[in-house]
Structures are given as C-alpha cells and as structure tokens.
Amino acid sequence: YWTIATMMAVGYGDISAETNSERFYAIITQVVGAVAFGFIIATVTIIIETVDPEATAKKLRKDELRDYLNERRYSKDLQKR
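No experiment lies behind these values; they were computed from the predicted model shown.

A. Layout of unusual backbone geometry. Phi is positive for Arg 73, which is not a glycine, with a value near 60°. The topology assignment puts Arg 73 in the loop between α3 (53-71) and α4 (76-80).

B. Up close: helix α2 (residues 20-50). Spanning 31 residues, α2 covers 45 Å between terminal C-alpha atoms, matching the ideal 45 Å at 1.5 Å per step. Three or more residues of α2 are buried, namely Ala 26, Thr 29 and Gly 33.

C. Seen up close, the pattern of salt bridges. A complete count under the given rule lists three salt bridges for this structure. Residues Arg 61 and Glu 64 are paired through a salt bridge, measuring 3.9 Å at the closest nitrogen-oxygen approach. In this pair, Arg 61 and Glu 64 are both assigned in helix α3, three residues apart and thus about one turn of the helix distant. With relative accessibility at 57%, the residue Arg 61 sits in the exposed group. Residue class for Glu 64 comes out partly exposed when judged on its relative accessible area of 41%. Of the charged contacts in the structure, one is a salt bridge between Asp 63 and Arg 66, with a shortest N-O distance of 2.2 Å. Separated by three residues within a single helix, Asp 63 and Arg 66 lie in helix α3, roughly one turn from each other.

Parameters and conventions
- Residues numbered from 1 in each chain as written.
- Predicted model: local features only at pLDDT ≥ 70, side-chain atom pairs only at ≥ 80, totals over all residues.
- Heavy atoms only, no water.
- Helix = DSSP H or I, 4+ residues; strand = E, 2+ residues; numbered from the N terminus.
- Expected span 1.5 Å × (residues − 1).
- Buried < 20%, exposed > 50% of the residue type's maximum accessible area, 1.4 Å probe, protein only.
- Salt bridge = Lys/Arg side-chain N within 4 Å of Asp/Glu carboxyl O.

Written as structure tokens, this is what we have:
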C-alpha cells in the first residue's frame, strides 16, 4: 500500500510524516518512484518500437520526408499526397 500510494499520490490521509527525517525519506522515495516509473515507461516504449524494425524504418523515412517538405515550404495539400 505504502509503495503504490507513494508512487501514485501526493498525500495519503492515514499516513503522514512526523519528523523532518521522515519527510525527507518520503520526498526521496517519491522522486525515486517517479524516476523508476519514467524509466519503465521509456523501456517499454523502446521495446515496442523495436518489435517491428521495418515499420520503425518506414516511420523514420516518413518523418524525414515531412520535415523536408516543411523546410521547402511545399503546400499542405501536396504534403498530404
């Protein structure tokens, strides 16, 4: 309960820090939890993107083409084609 509440919320209601050292520990735990959560989400995203390398390459090429057309100021109608 404490771990999930620490990662997902700011306050608990039934649990509160009484001393400065408890507050410091709670703050550090929240920061570590947020960093760990972000790392996990980033890792899962990378795994999903690398499952299909052909689709990833196609998306990259499409993004490069869109950037090129924007730099050259082609019309939006032509860019959609």
